[in-house]
Amino acid sequence: MGVAKYKEYFQGAYYHIYNRGNQQQPIFLEDADYFGYLKRLAEAKEKHGVTMVCYCLMPNHVHLLARQDTVTPVYKFISSLHTSYSMYFNKKYQKVGHLFQDRFKQKIIQNEGYLCYLSCYIHANPKLDGLAQKAEEYPWSSYGEYISVQRMGICDKEPVLQAIYPSKDSPS
């Protein structure tokens, strides 16, 4: 699989990675699918040296905010994750072909202000799409990890908390 020339990769860089279902169709049909994606996400981030800052799994798309911790480009992480999940989904639902529309999209996060904004945007996505009245009501985002009601252990909150509270005494 070739890498689009416009995509750049840097160790230590933060990326907003997002993708949606082919023809905007759902990519999660039941709770087991969300759990299966999160399991694969946890495995892929460890395997490819990526820190997950936050995520939101919507019925027909995903948002991930990640940091590339090694020289291994972050596209290897997302390619591995989405290939694995697509194979699971297609086998489970007896489908063939692409699950995701095109290649994933990415934006490099240039500053801490945008990192904070993006975290808020990602966590607010279910509310903005009418899937929940409050962010904490939606079970398929990392917001629960941020407010300590969910202990999935997938995300590292420190980059966002350090941007909000730059002193060493940031709340955890």
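Residues numbered from 1 in each chain as written. Predicted model: local features only at pLDDT ≥ 70, side-chain atom pairs only at ≥ 80, totals over all residues. Heavy atoms only, no water.

(A) Examining the pairing of strand β1 (residues 14-20) more closely. Taking burial as the measure, the seven residues of β1 include five buried ones, the bulk of the element. For β1 and strand β3 (residues 61-68), the ladder comprises seven bridges, and the chain directions are antiparallel. Bridging from a neighbouring strand, Y14 pairs with R67 of β3. (Buried < 20%, exposed > 50% of the residue type's maximum accessible area, 1.4 Å probe, protein only. Helix = DSSP H or I, 4+ residues; strand = E, 2+ residues; numbered from the N terminus. Pairing = 2+ DSSP bridges.)

(B) Summary view of the environment of R67. With respect to the helices and strands, R67 occurs in strand β3. For the pair R67 and F10, spaced 57 residues apart in the sequence, the C-alpha separation amounts to 9.3 Å. Ignoring anything within four residues of it in the chain, the contact list for R67 reads G12, A13, Y14, G49, V50, T51, D156 and P159. Among the polar contacts listed, one links the side chain of R67 to the side chain of Y14, at a separation of 3.0 Å. (Contact = heavy atoms within 4.5 Å. Polar contact = N/O pair within 3.5 Å; in protein donor to acceptor, adjacent residues only side chain to side chain.)

(C) Structural detail: the layout of surface pockets. Considering only enclosed or pocket space, the second largest pocket measures out at about 190 Å³ in volume. Forming the boundary of the second largest pocket are N22, Q23, Q25, P26, L29, F89, N90, K95, V96, G97, H98 and L99. (1 Å grid on protein atoms, 1.4 Å probe; cavity = no way out; pocket = protein on both sides within 12 Å on 5 of 7 lines; lining within 4 Å. Points joined across faces, edges and corners; volume = space filled by probe spheres on them.)

(D) Region of interest: helix α2 (residues 74-92). Look at α2: 27 Å from first C-alpha to last across 19 residues, which is about the 27 Å you get at 1.5 Å a residue. Those residues of α2 that fall on the buried side of the exposure criterion are V74, F77, I78, L81, H82, Y85, S86, Y88, F89 and N90. Tucked inside the fold, the buried residues of α2 contact β1, α1 (31-48), β2 (50-58), β3 and β4 (105-109). Looking one or two residues beyond α2, the residue adopting positive phi is Q94, at roughly 50°. (Expected span 1.5 Å × (residues − 1).)

(E) Seen up close, the state of the cysteines. Going through the model one piece at a time under the given rule, you end up with zero disulfides. Here C120 stays unpaired: no disulfide links it, and the sulfur of C116, its closest cysteine neighbor, is 6.9 Å away. In this structure C155 is not part of a disulfide, and its nearest cysteine sulfur, from C54, lies 6.5 Å away. According to the relative accessible area criterion, C155 is buried, its value standing at 15%. (Disulfide = S-S within 2.5 Å.)

(F) Summary view of the nonpolar core. Core analysis: the biggest nonpolar cluster contains 47 residues, and L41, M52, Y55, L57, L64 and F77 have the highest contact counts within it. Put simply, the parts of the chain that give this core at least two residues each are β1, α1, β2, β3, α2, α3 (112-128) and α5 (158-164). Apart from residues lying up to four places away in sequence, L57 is in contact with F28, Y34, Y37, L38, V62, Y138 and W140. (Core = buried A, V, L, I, M, F, W, Y, C linked by side-chain atoms within 4.5 Å.)

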